[in-house]
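The primary structure of each chain is shown beneath.
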Amino acid sequence: MKVSDILRVKGNTLYTVTPDEPLAEAAQVMAEKDIGSLVVMELGDLVGMLTFREVIQAIVRNGGSVGTLRVRSAMDDAPLTCTLETEMDEVRRMMLDRHARYMPVMDKRMLMGVISFYDVAKAVVDSQNFENQMLKAYIRDWPAEDDAKA
């Protein structure tokens, strides 16, 4: 299974922010849209990733207040990325190694979507459920030994 398979099912709604936007506004968008991340874009290029983890860390560093912080001061400026052709096993390994919950999907310099650890886990479970159904159908339709002799 590849990343393109997940995006095909998930859809391609994207939420982005610029690095110079107020962090408070970015957090508000994340809360209103019930999303855990925003892709940070500047002049058409991916420059970072903002998740609630980075927002919380920035607030703590700022004495418990978001104040006048900008997205740039909180974002991960070196996010993991993958392509549409990246295999799911590789995505899982990458996300686990970096404790990343979200990963932008790129096609050269174009942002194609974002996959979450939830999306990856759901794809794995769905794939396993499908395999289990196929095995059960195979076993159910397998001729019994007695039937084969008759």
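Each value, and the rule that gives it
Residues numbered from 1 in each chain as written. Predicted model: local features only at pLDDT ≥ 70, side-chain atom pairs only at ≥ 80, totals over all residues. Heavy atoms only, no water. Helix = DSSP H or I, 4+ residues; strand = E, 2+ residues; numbered from the N terminus. Buried < 20%, exposed > 50% of the residue type's maximum accessible area, 1.4 Å probe, protein only. Contact = heavy atoms within 4.5 Å. Pairing = 2+ DSSP bridges. Arc of directions from axis to C-beta. Salt bridge = Lys/Arg side-chain N within 4 Å of Asp/Glu carboxyl O. Axes fitted to C-alpha atoms, helices over the stretch in contact; angles between N-to-C directions. Parallel < 35°, antiparallel > 145°, perpendicular 65-115°, else oblique. Left-handed = near helix turned anticlockwise from the far one by under 90°. Nonpolar A, V, L, I, M, F, W, Y, C, P; charged D, E, K, R; others polar.

**Observations concerning the overall build of the protein**
And step 1. Assigned secondary structure in the protein consists of seven helices and six strands.
And step 2. Put simply, the protein runs from its N terminus to its C terminus through helices and strands in the order α-β-α-β-β-α-α-β-α-β-β-α-α.
And step 3. Taken across its 150 residues, the protein has 33% of its residues classed as buried.
And step 4. Within the protein, contacts between residues separated by at least 24 positions form 53% of all contacts whose residues are at least 6 apart in sequence.

**Some remarks on the pairing of strand β5 (residues 102-107)**
And step 1. Pairing between strand β4 (residues 82-83) and β5: two bridges, direction parallel. Bridging across to β5, T83 finds its partner in M106.
And step 2. By the bridge criterion, six bridges tie β5 to strand β6 (residues 110-116) in an arrangement that is antiparallel. From the neighbouring strand, P104 faces β6, where its bridge partner is V114.
And step 3. What sits between the antiparallel neighbours β5 and β6 is a turn of two residues, in which K108 has the positive phi angle 60°.

**Some thoughts on helix α1 (residues 3-10)**
And step 1. Burial in α1 covers these residues: V3, S4, I6 and L7. Looking straight down α1, one finds its buried side chains confined to an arc of 160°; they lie on one side. Across from the buried face of α1, at angles greater than 90 degrees, the exposed residues are R8 and V9.
And step 2. After α1 finishes, the residue G11 shows a positive phi value of roughly 100°.

**Considerations on the pattern of salt bridges**
Oppositely charged side chains may form a pair once their charged atoms are brought near each other.
And step 1. For the coordinates displayed, the defined rule picks out nine salt bridges.
And step 2. D20 is the partner of R72 in a salt bridge, and the nearest nitrogen-oxygen pair spans 3.2 Å. Taken together, the positions of R72 in helix α4 (residues 71-74) and D20 in the loop between β1 (16-17) and α2 (23-33) put the pair 52 residues apart, joining distant regions of the chain.
And step 3. Each of D20, E42 and R72 takes part in one network of salt bridges that share partners.

**Quick look at the packing of α2 against helix α3 (residues 52-61)**
And step 1. Across the interface, α2 lies against α3 with an axial gap of 11 Å and an inter-helix angle of 140°. With respect to each other, α2 and α3 are oriented oblique. The handedness of the crossing between α2 and α3 comes out as left-handed. Contacts from L23, A27, M30 and A31 of α2 reach α3 at F52, V55 and A58.
And step 2. Across the contact of α2 with α3, the residue classes break down as seven nonpolar, no polar and no charged.

**Observations regarding the sheet that holds β1**
And step 1. Pairing in this open sheet of three strands is mixed, and the strands run β1-β2-β3 from one edge to the other. Two strands close off the open sheet at either side, each with one partner strand: β1 and β3 (45-51).
And step 2. As paired elements, β1 and strand β2 (residues 37-42) share two bridges and run parallel to each other. When the bridges of β2 are listed, T16 appears paired with V39.

**Describing the sheet that holds β5**
And step 1. Pairing is mixed in the open sheet, where three strands are placed in the order β4-β5-β6. Each edge of the open sheet carries a strand with a single partner, namely β4 and β6.
And step 2. This element, α1, spans β4, β5 and β6 of the sheet and lies at about 85° to β6.

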